[in-house]
Amino acid sequence: MSTASRLISGSAASWVQIGVTVLSQMALVPLYLSHWSVVTFGVWIAVQTLGSVISILDLGHQEFLAYEFLKIGTTRRPALSKHLWSGISIGILLSLVQLLIITALLVTGALPYFLGKTDVASPGLIRDAGIVLLLQGITWLVCTSVSGLFFRALAPFGHYPRMAWWGLAYSVACSVAPVSAVLLGAGLLTTGVVTAVTGLIIALPLYLDLSRLLRQEQIPFTRPSLRLGFKNFTRSLAITGRVLLENARQQGVRLLLAPLAGAAGLAAFSTMRTGANVALQGLNTVVNPMMPELMRFLHQRDQARSEVAFGTIWFVLVAVMAPATVVFQAVVEPLYGLWTRGKVPFDPLLFATLSLSVLVYAVVQPAMAVVRGNNLLRPQLLLSATAAAVVVGGIVVLVPSTGILGGGLALLAAEVVATFGYRVVAGQWLRTNGLYWPTRPFRIAVTSVWVAALAMGAMIVLPQLKWLIVSSALVLLLGNAWRYWQVLPTLATEHTLRLVSALPLVKRLFPA
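What you are looking at is a predicted structure, and each value in this text was computed from that prediction instead of being measured.

**Side note on the overall build of the chain**
Helices and strands together make up the secondary structure of the chain, namely 20 helices and zero strands. Every one of the 512 residues in the chain was classed for burial, and the buried ones make up 56%. If you take every contact in the chain between residues at least 6 apart in sequence, the share linking residues at least 24 apart comes to 85%.

Below, the structure is given as structure tokens:
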């Protein structure tokens, strides 16, 4: 399969997964709020968030090994197999530690603090939440800890698209399960049980396919080396620290908001952030399939093809994300009221702040790819710690006085700090390795973020001129997109046109 075909297949799976996620979220919020109280819904969100935070050690370990697998490549199969099975042994141990942590939360009675104890009055609800959290830990051990490493080990062999489609199947199953349960009148506990059982069922055919692919690529079972496993785990702790600190900017914000703003406030913040999360997932559909190719170009010191990868990411921001953000800000309020059944008030400033934080995050993606793909551990940890300090400090200071808007402002400030830091570190690495940072395309991409920010701010201040502001902003953004297209290297524009022409819909509309 060609590079373009792999990117298209991987991106297609990711875009379908986003569609499933959007549909499930769009259905789940009004469905939950129709069948559950806002407090119960907030507890459900808090449980999902806490489960994500507890699994951070394993996630950091998997991410570190993913880049090690890419470095090893396809020619040193014995070394890859040794790293894989040594990593699996450590991953299983980490999952068991996660289960011990969950058990400790239940035994010590610390769990209610993470569920917004100020407005969770029912001991039965807390008990159910604890059981659901424990089931999540078991599901992680069986469904994710081992299969996640198989996914990453197969990526250098061109199987990322297939793994993405498996991820889609798992996502669909685990999205349909809670929807069905709630529709049938299930409470929090039953919904959690159904979701866990569904994950366990889908794991069986997944592992059968993974076993076949491992045999096909001649990646045999190798006796695990605990020494190698612990060495890689120790090295991955910097990644874990970065993931943990980044969760302070992402999932961890919810953990802070639960005790500060209560479960109802957490539910309001999470629903308000849904649009930003969808945009973030859309960005990842471009970045994730491109990472194996980008790392190959960087290791080959191929400036032209590296700029192709950078340019593709920024083109999505300039031509799609920034204009879509402005339009969505203009039309979202009445839709949001219908979606939440009027139970969660809309805050246009918070919504704009969360949307802007995603655009800032998109700008820095190429720099983050350089830093993470080369496992530059110390800069990652330092930058994540700085950004986490900004967001945690901002939430602690702002939320008591400004409510959940303070969470959005803190997130935006943290993304700005991280963008500046990653840009500097990536530029230094590129210069050291005979490459250079594409400054002009970067500045044009930043311009689109500024235009979108000013347009959203103007709509909030002057709502009576909303459509005039939207029209003016779209003219500026589309003009900036054309300007960006003009500065792209010829190789980048040709690559983009090949990707577009290879899409199935384009082939049907414009047959050769």
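We are not done yet, so read on.
**Focus on the packing of aromatic side chains**
The full count for this structure, using the stated rule, is 10 aromatic pairs. On the basis of an interplanar angle of 65 degrees and a centroid distance of 5.9 Å, the ring pair of W36 and W44 is categorised as edge-to-face. Each of the two residues, W36 as well as W44, counts as buried. Geometrically, the ring pair formed by F346 and F351 is tilted, given 5.7 Å between the ring centres and 45 degrees between the ring planes. According to the relative accessible area criterion, F346 is buried, its value standing at 17%. With a relative accessible area of 5%, F351 lands in the buried category. A cation over a ring is seen here: R423 above F442, with NZ or CZ 5.8 Å from the ring centre.

**Points about the state of the cysteines**
Enumeration according to the criterion identifies zero disulfides in this entry. For C143, which is in no disulfide, the shortest distance to another cysteine sulfur is to C174 and amounts to 7.2 Å. Its relative accessible area of 4% is what places C143 among the buried residues. Judged by its relative accessible area of 19%, C174 is buried.

**Describing the pattern of salt bridges**
According to the stated counting rule, one finds four salt bridges in the structure shown. Note that R77 is salt-bridged to E217, the shortest N-O span being 3.9 Å. Remark: E217 occurs in the loop between α8 (188-216) and α9 (226-249) and R77 occurs in helix α4 (residues 77-108); sequence separation between them is 140 residues. For R77, a relative accessible area of 25% translates into the label partly exposed. Here D128 ties to R127 by a salt bridge, and the two come within 3.1 Å at their closest N and O atoms. With a relative accessible area of 15%, D128 lands in the buried category. With a relative accessible area of 53%, R127 lands in the exposed category. Each of R162, D209 and R212 takes part in one network of salt bridges that share partners.

**A look at the packing of helix α3 (residues 56-72) against helix α6 (residues 123-154)**
Interhelical geometry of α3 versus α6 gives an angle of 15 degrees and a closest axis separation of 8 Å. In terms of axis orientation, α3 runs roughly parallel to α6. Our pair here, α3 against α6, has a crossing hand that is right-handed. Here D58, L59, H61, Q62, E63, L65, A66 and F69 of α3 come into contact with α6, specifically with W140, T144, S145, G148, L149, R152 and A153. Looking at the contact of α3 with α6, its residues break down into seven nonpolar, five polar and three charged.

**Here we look at α3**
For α3, which comprises 17 residues, the first-to-last C-alpha distance of 24 Å matches the rise-based estimate of 24 Å (1.5 Å per residue) to within 8%. Burial of α3 is extensive: 14 of the 17 residues sit out of reach of the surface.

**Section: the environment of A413**
Tracing the backbone through its elements, the reader meets A413 in helix α16 (residues 405-432). A relative accessible area of 33% places A413 in the partly exposed class. C-alpha of A413 to C-alpha of V360: the two residues are 53 residues apart in sequence and 9.9 Å apart in space.

**A closer look at unusual backbone geometry**
Unusually for a residue other than glycine, Q218 sits at a positive phi of about 55 degrees. Its location among the elements puts Q218 in the loop between α8 and α9.

**Things to note about the nonpolar core**
Judged by nonpolar contacts, the single largest core of 68 residues is most densely connected at L298, W314, L317, V326, Y422 and W437. A per-element tally of this core places α16 first, with 11 residues. Judged by nonpolar contacts, the second largest core, of 30 residues, contains L125, L133, V332 and Y336.

**A short note on a nonpolar patch on the surface**
Taken together, the side chains of L106, V107, L134, I138, V142 and L200 make up a nonpolar region of the molecular surface, amounting to roughly 450 Å² of accessible area. Among the elements of the structure, α4 and α6 are those that each provide at least two residues to the nonpolar patch. Considering each element in turn, the nonpolar patch owes the most residues, three residues, to α6. By relative accessible area, L200 is classed as partly exposed at 35%.

**A word on helix α13 (residues 348-363)**
Taking 1.5 Å per residue as the helical rise, α13 with its 16 residues ought to reach 22 Å, and the 23 Å between its terminal C-alpha atoms agrees with that figure. Within α13, 14 of the 16 residues are buried, which leaves it mostly tucked inside the rest of the structure. Of the residues that open α13, the one with a side-chain oxygen 3.0 Å from the backbone nitrogen of L349 is D347.

**A few points about the environment of A445**
Residue placement: A445 occurs in helix α17 (residues 439-461). Look at A445 and you get buried, because its relative accessible area is 0%. When residues no more than four places from it in sequence are discounted, the contact partners of A445 are W314, L317, V318 and V363.

**Considering the packing of helix α7 (residues 160-183) against α8**
Taken N-terminus to C-terminus, the directions of α7 and α8 make an angle of 160 degrees; their axes are 8 Å apart at the nearest point. In terms of axis orientation, α7 runs roughly antiparallel to α8. As for the relative orientation of α7 and α8, their crossing is right-handed in sense. Where α7 approaches α8, its residues R162, M163, W166, Y170, A173, C174, A177, P178, A181 and V182 are matched on the opposing element by T191, V194, T195, T198, G199, I202, P205, L206, D209, L210, R212 and L213. When grouped by side-chain class, the residues that make up the contact of α7 with α8 number 15 nonpolar, four polar and three charged.

What counts as what
Within any chain, residue numbers begin from 1 and follow the written order of that chain's sequence. Only residues with pLDDT of 70 or above have their local features reported here, since the model is predicted, and side-chain atom pairs are shown and tallied only from 80 upward, although totals for entire chains, interfaces and linings are computed over all residues. Each side-chain value is derived from all of the structure's non-hydrogen atoms; neither hydrogens nor water enter the calculation. A run of DSSP states H or I qualifies as a helix once it reaches four residues; a run of E qualifies as a strand once it reaches two. Both are numbered from the N-terminal end. The cut-offs for exposure are 20% and 50% of the maximum accessible area for each residue type, with area from a 1.4 Å probe on protein chains only; residues under the lower value are buried, those over the upper are exposed, and the others partly exposed. Here, residues are in contact when the closest pair of their heavy atoms is within 4.5 Å. The pairing test for Phe, Tyr and Trp rings, Trp by its six-membered ring, is centres within 6.5 Å, and the orientation test on the planes gives stacked under 30 degrees, edge-to-face over 60, and tilted for anything in between. Only when the NZ atom of a Lys or the CZ atom of an Arg is both within 6 Å of the ring centre and within 35 degrees of the ring normal do we say a charge sits over the ring. The term disulfide is used for any two cysteine sulfur atoms that are within 2.5 Å. For this analysis, a salt bridge means a side-chain nitrogen from Lys or Arg found within 4 Å of a carboxyl oxygen belonging to Asp or Glu. Here an angle of 0 to 180 degrees is reported between the N-to-C directions of two axes, which are lines fitted to C-alpha atoms, with helices fitted over the stretch in contact. Every angle not falling under 35 degrees, over 145, or within 65 to 115 is termed oblique; those three ranges are roughly parallel, roughly antiparallel and roughly perpendicular. Left-handed describes a crossing whose near helix is turned anticlockwise from the far helix by less than a right angle; the clockwise case is right-handed. The nonpolar class holds Ala, Val, Leu, Ile, Met, Phe, Trp, Tyr, Cys and Pro. Asp, Glu, Lys and Arg form the charged class, and all remaining residues, Gly among them, are polar. Multiplying one less than the number of residues by 1.5 Å gives the expected span of a helix. In these notes, a set of buried Ala, Val, Leu, Ile, Met, Phe, Trp, Tyr and Cys residues joined through side-chain atoms within 4.5 Å is what counts as a nonpolar core. Patch building starts from residues that exceed 30% relative accessible area and form no salt bridge, then joins like charges within 9 Å and nonpolar side chains (Val, Leu, Ile, Met, Phe, Trp, Tyr) within 5 Å. Only the protein chains shown count as cover for residues, with accessible areas throughout obtained via the Shrake-Rupley method and a probe of 1.4 Å. By the criterion applied in these results, polar contacts are pairs of N or O atoms within 3.5 Å in which, for protein atoms, one can donate a hydrogen and the other can accept it, and in which residues neighboring in sequence qualify only through two side-chain atoms.

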